[in-house]
Amino acid sequence: MKKYLGIIWLVLVLAFIYVPVVVLAVYSFTDASMVGASANGFSFKNYVNLFADEGLRNMIFGTIVLAVVCAAVSTVLATFGAIGAFYSKKVTKSLLNAVNQIPVVNADIVTGFSICVLLIVIMQVSKDTYIPLGLGHIVLTAPFVYLSILPKLKQMDNSLYEAALDLGATPAQALFKVVIPQLIPGILSGFMLAVTLSLDDYFVTTYTKPSTFDTISTYVVNATKGSQTEAKTALWALSTLIFIVVIVAVVLMNVLSGRKKEKKNESR
Amino acid sequence: MKLRFNRKQLCIPYAVFLILFVIFPLLVLVYHAFTNGQGKFTFSNFTAFFSSTNTLGTLLYSFAVAAVTTLVCLAIAYPTAYILARSNFKKKYALLLLFILPMWINFTLRVTALKEILTLIEGNISKYQFFNSVTGMTYDFLPFMILPLYTSLSKLDKSYLEAAADLGAGKFTTFMRVTLPLSVPGIISGVTMVFLPSMTNYVVLDMLYNSTYIMGSLIGSYFSAYDWNNGALISLVLLVIIFIVTLATNRFSEKDSGNRGTLL
């Protein structure tokens, strides 16, 4: 009996999480203008609109490019930052760790607003250069990459680096051929985290973006406030597509990491 | 002689970056908070904030929304994490993923979905603003509470529970005196993950019913009015709150960074 109570609880929580998303997904395949309204049966209209509308297409493309580019820059910057900090004196290291923590605990809105005031108000950098937007997203994401690399550095076998030097490798070779390969899992998960953080961001974007540019977040917020039904229902299709992509990605990751573990067990 | 390459120097670009774009903007915020539009030093932004019933009301209201949201999230997430961590489902990890998967779906899209459902159920959603604020925030932040709780509960050494049972503690006593105290780090990090965002994430409320009364919305409206000084002041108030919360929780929380979706 008790076990069933647990399962019922889990099902209820899952229902709370998924019913809205799934209902929206179902309605995205109709021509209804709001959830609950009567629909004239099955329709791909929203999906056609999503891809036919050039503005929407550019917006989605822009969001992805912004996320990937900023995540790549963050990853390079923070990877070298973490390696350097790891080998630095204790004072330098703890100072860097502390400053790195600021954007992590800070509210995104404060981060975004402070960058806006510095770059746009004081330094008069034009928003249209995309520089404030890019820098803002790097500030938002780089500290998380740094944090996901630190534990890998601690686990690393330090004598390998020394061995490489003894065997005649230059420090640069030792760095790129010995140290960095050991950090790859941390670097990859840091990069993925940076991408998802950037994709999900609203506040930094809204305070730093050029007025003609929109990411998914800022576009959705404007569309739900507006009265244009067509833009609104096309977003149902977008939401459904993202939902499916996320599920597939998570399942794939799970299967892949499961296989890796199995291989490891077999080789033992 | 070959130029010797020093590993320590690798952190210089990142350190410079952090100084320029993390520390510097914060200093600029402090400067703006204590000056007026002409750049003269003044406390007037400060006194205006703390003497206006409008802004103080906003501060109180956001505290209320954030506190209730945090409690609701905790009340939903704790049993969920507990059942998941203690269960002997074969695919425990896959099941956990189901609960935190929304982290990776853009929050504005999820709130859109919630808005449609709430409209369907309630008709006019601006009637129950406080309830809907809390529902929206809970919907948005629940995964961020479940993950740290699950992490700390699943790390819990089962032999402690057995020891408690052997020493004669009942299930309730074991929970209150062993499980709960040992999960405090998870609770703390979950609470910080939910409390601070729900004080500032005005977009959730903005999308639900076009009008908002929390701290974040003040920054938003000063931003649209180009009033950098007052916006900076609100940011400073938020920073102080964040600083206090961080100081207060640092003693308890272990260094776990992975609460913002690092499961991948």
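What you see is a predicted model, and the numbers here were worked out from it, not measured in a lab. (Residues numbered from 1 in each chain as written. Chains lettered and ligands numbered in written order. Predicted model: local features only at pLDDT ≥ 70, side-chain atom pairs only at ≥ 80, totals over all residues. Heavy atoms only, no water.)

## Observations regarding the overall build of chain B
Note the cut-off: What counts as a helix is a DSSP run of H or I of at least four residues, what counts as a strand is a run of E of at least two, and both are numbered from the N terminus. Exposure classes here rest on a 1.4 Å probe applied to the protein chains alone. A residue is buried below 20% of its type maximum, exposed above 50%, and partly exposed in between. Throughout, a contact is declared for two residues whenever any of their heavy atoms are within 4.5 Å. Method for areas: the Shrake-Rupley scheme with a 1.4 Å probe, in which residue coverage is limited to the protein chains shown. His residues and chain termini do not enter the charge count, which takes Lys and Arg as positive and Asp and Glu as negative. By convention, the charge on Lys lies at NZ, on Arg at CZ, on Asp at CG and on Glu at CD.
A tally of helices and strands in chain B yields 12 helices and 0 strands. Its helices and strands taken in sequence order, chain B reads α-α-α-α-α-α-α-α-α-α-α-α from the N to the C terminus. Along the longest, intermediate and shortest principal axes, the C-alpha atoms of chain B span 80 × 70 × 35 Å. Per-residue burial over chain B gives 52% buried out of 264 residues. Relative to all contacts within chain B whose residues are 6 or more apart in sequence, the contacts with residues 24 or more apart total 73%. When the accessible surface of chain B is summed, it comes to about 12,500 Å², and 66% of that surface belongs to carbon and sulfur atoms. With 19 positive and 10 negative side-chain charges, chain B shows a spacing of 11 Å between the two charge centroids.

## What about the interface of chain A and chain B?
Selection rule: Accessible area that two parts lose when put together, evaluated with a 1.4 Å probe and summed over both, is termed the buried area. Counted as salt bridges are all cases of a side-chain nitrogen of Lys or Arg within 4 Å of a carboxyl oxygen of Asp or Glu. We call two N or O atoms a polar contact when they sit within 3.5 Å, provided that within protein one can donate a hydrogen and the other can accept it, with sequence-adjacent residues counted only if both atoms are side-chain atoms. Under the convention adopted here, Pro, Cys and the residues Ala, Val, Leu, Ile, Met, Phe, Trp and Tyr are nonpolar, Asp, Glu, Lys and Arg are charged, and Gly plus all remaining residues are polar.
At the junction of the two partners, chain A supplies 92 residues and chain B supplies 81 residues. Carbon and sulfur atoms make up 79% of the area that chain A and chain B hide from each other, which totals about 7,700 Å². Three residues, Leu10, Phe16 and Phe113 of chain A, lead the burial of chain A against chain B; their summed loss comes to 8% of the area buried on that side. For the interface between chain A and chain B, the tally reads 1 salt bridge. Inspection of the region where chain A meets chain B yields 10 residue pairs in polar contact (both at pLDDT 80 or more). The leading source of residues in the side of chain A that touches chain B is helix 1 (residues 2-27) of chain A, at 14 residues. Here the residues of the side of chain A that touches chain B are counted per class, giving 68 nonpolar, 17 polar and 7 charged.

## A look at the packing of helix 7 (residues 158-166) of chain A against helix 8 (residues 171-200) of chain A
Residue and element names in this part refer to chain A. Just so we agree on the cut-off: Angles shown run from 0 to 180 degrees and are taken between the N-to-C directions of axes, each axis being a line fitted to C-alpha atoms and, for helices, limited to the stretch in contact. An angle below 35 degrees is treated as roughly parallel, one above 145 as roughly antiparallel, one from 65 to 115 as roughly perpendicular, and anything else as oblique. Left-handed describes a crossing whose near helix is turned anticlockwise from the far helix by less than a right angle; the clockwise case is right-handed.
At a minimum axis distance of 9 Å, the contact between helix 7 and helix 8 shows a crossing angle of 150°. One finds that helix 7 runs roughly antiparallel with respect to helix 8. Here helix 7 runs over helix 8; the crossing is right-handed. Contact residues: Leu160, Tyr161, Ala164 and Leu165 in helix 7; Pro171, Ala174, Leu175, Val178, Val179 and Gln182 in helix 8.

## Looking at the pattern of salt bridges
Residue and element names in this part refer to chain B. Across all of its chains, the model carries 3 salt bridges over all chains by this definition. Linking Arg110 and Asp140 is a salt bridge whose minimum nitrogen-to-oxygen distance equals 3.2 Å. Here Asp140 lies in helix 6 (residues 129-155) and Arg110 lies in helix 5 (residues 107-122), a separation of 30 residues in the sequence. The two residues Arg110 and Asp140 agree in class, both being buried.

## Re helix 5 of chain B
Residues and elements named next belong to chain B. Selection criterion: Expected helix span is given by 1.5 Å per residue-to-residue step, counting one fewer step than there are residues.
For helix 5, spanning 16 residues, the distance from its first C-alpha to its last is 22 Å, which sits close to the expected 22 Å at 1.5 Å a residue. Summarising burial for helix 5: 13 of the 16 residues are buried, a large majority. In the segment just after helix 5, Gly123 is the residue with positive phi, at about 80°.

## What about the packing of aromatic side chains?
What counts, and what does not: For Phe, Tyr and Trp, where Trp contributes only its six-membered ring, two rings pair if their centres lie within 6.5 Å, and the inter-plane angle classes them as stacked under 30 degrees, edge-to-face over 60, or tilted in between.
Applying the stated criterion across every chain yields a total of 32 aromatic pairs over all chains. Arranged with centres 5.1 Å apart and planes meeting at 85°, the rings of Phe42 of chain A and Phe44 of chain A form a pair that is edge-to-face. Under the relative-accessibility criterion, Phe44 of chain A is labelled partly exposed at 47%. Between Phe223 of chain B and Trp228 of chain B the ring centres are 6.0 Å apart and the planes differ by 70°, which places this aromatic pair in the edge-to-face class. Taking the relative accessible area as the measure of exposure, Phe223 of chain B reaches 15% and is therefore buried. Trp228 of chain B sits in the buried class, given a relative accessible area of 16%. Members of the aromatic cluster, each reached through a chain of ring pairs, are Phe34, Phe41, Phe43, Phe46, Phe49 and Phe50 of chain B.

## Points about the packing of helix 3 (residues 53-86) of chain B against helix 9 (residues 184-200) of chain B
All names here are of chain B. At a minimum axis separation of 8 Å, helix 3 and helix 9 run at an interaxial angle of 140°. Handedness of the helix 3/helix 9 crossing: right-handed. Every residue of helix 9 that contacts helix 3 at Leu59, Ser62, Phe63, Val65, Ala66, Ala67, Thr69, Thr70, Cys73, Leu74 and Tyr78 is listed here: Ile187, Val191, Val194, Phe195, Ser198 and Met199. When its residues are assigned to classes, the contact of helix 3 with helix 9 shows 13 nonpolar, 4 polar and no charged.

## Considering the nonpolar core
Most often, soluble globular proteins have nonpolar side chains that are buried together. Worth spelling out the cut-off: For our purposes a nonpolar core is just a set of buried Ala, Val, Leu, Ile, Met, Phe, Trp, Tyr and Cys residues, chained together by side-chain atoms within 4.5 Å.
Residues Ile83, Ile109, Phe113 and Leu153 of chain A together with Tyr14, Phe17 and Met215 of chain B are the most contacted members of the largest nonpolar core, which totals 152 residues. A total of 14 residues in this core trace back to one element, the largest contributor, which is helix 3 (residues 54-87) of chain A. Aside from chain neighbours lying at most four places away, what touches Phe17 of chain B is Leu77, Leu135, Ile138 and Val139 of chain A together with Val22 of chain B. Counting 7 residues, the second largest nonpolar core, distinct from the first, contains Leu24, Ala32 and Trp236 of chain A together with Ile117 of chain B.

## Section: the side chain of Thr80 of chain B
With respect to the helices and strands, Thr80 of chain B occurs in helix 3. Overall, Thr80 of chain B belongs to the buried group, its relative accessible area being 0%. A polar contact of 3.0 Å, which involves the side chain of Thr80 of chain B, links it to the side chain of Trp9 of chain A. For Thr80 of chain B, the contacting residues outside a window of four places in its chain are Trp9, Leu10 and Val13 of chain A together with Phe99 and Ile146 of chain B.

## Overview of a positive patch on the surface
Selection rule: Here, patches come from residues exposed beyond 30% relative accessible area and free of salt bridges, joined within 9 Å for like charges and within 5 Å for nonpolar side chains (Val, Leu, Ile, Met, Phe, Trp, Tyr).
There is a patch of like positive charges on the surface, built from Lys2 of chain A together with Arg86, Lys158 and Lys171 of chain B. Judged by relative accessible area, Lys158 of chain B falls into the partly exposed class, the value being 44%.

## Points about unusual backbone geometry
Residue and element names in this part refer to chain A. With phi around 60°, Gln124 is a residue other than glycine that occupies positive phi space. Looking at the element boundaries, Gln124 is found in the loop between helix 5 (108-122) and helix 6 (131-155). Positive phi outside glycine occurs at Tyr130, with the angle close to 65°. Mapped onto the elements of the fold, Tyr130 is located in the loop between helix 5 and helix 6. Exposure remark for Tyr130: the relative accessible area of 39% places this residue in the partly exposed category.

## Brief notes about the state of the cysteines
Residues and elements named next belong to chain A. Spelled out, the test is: The criterion for a disulfide is a pair of cysteine sulfur atoms lying within 2.5 Å.
Considering all chains together, one arrives at 0 disulfides over all chains under this definition. Considering cysteine sulfurs only, Cys116 is the nearest to Cys70, which forms no disulfide, with 17 Å between them. We classify Cys70 as buried; its relative accessible area is 5%.

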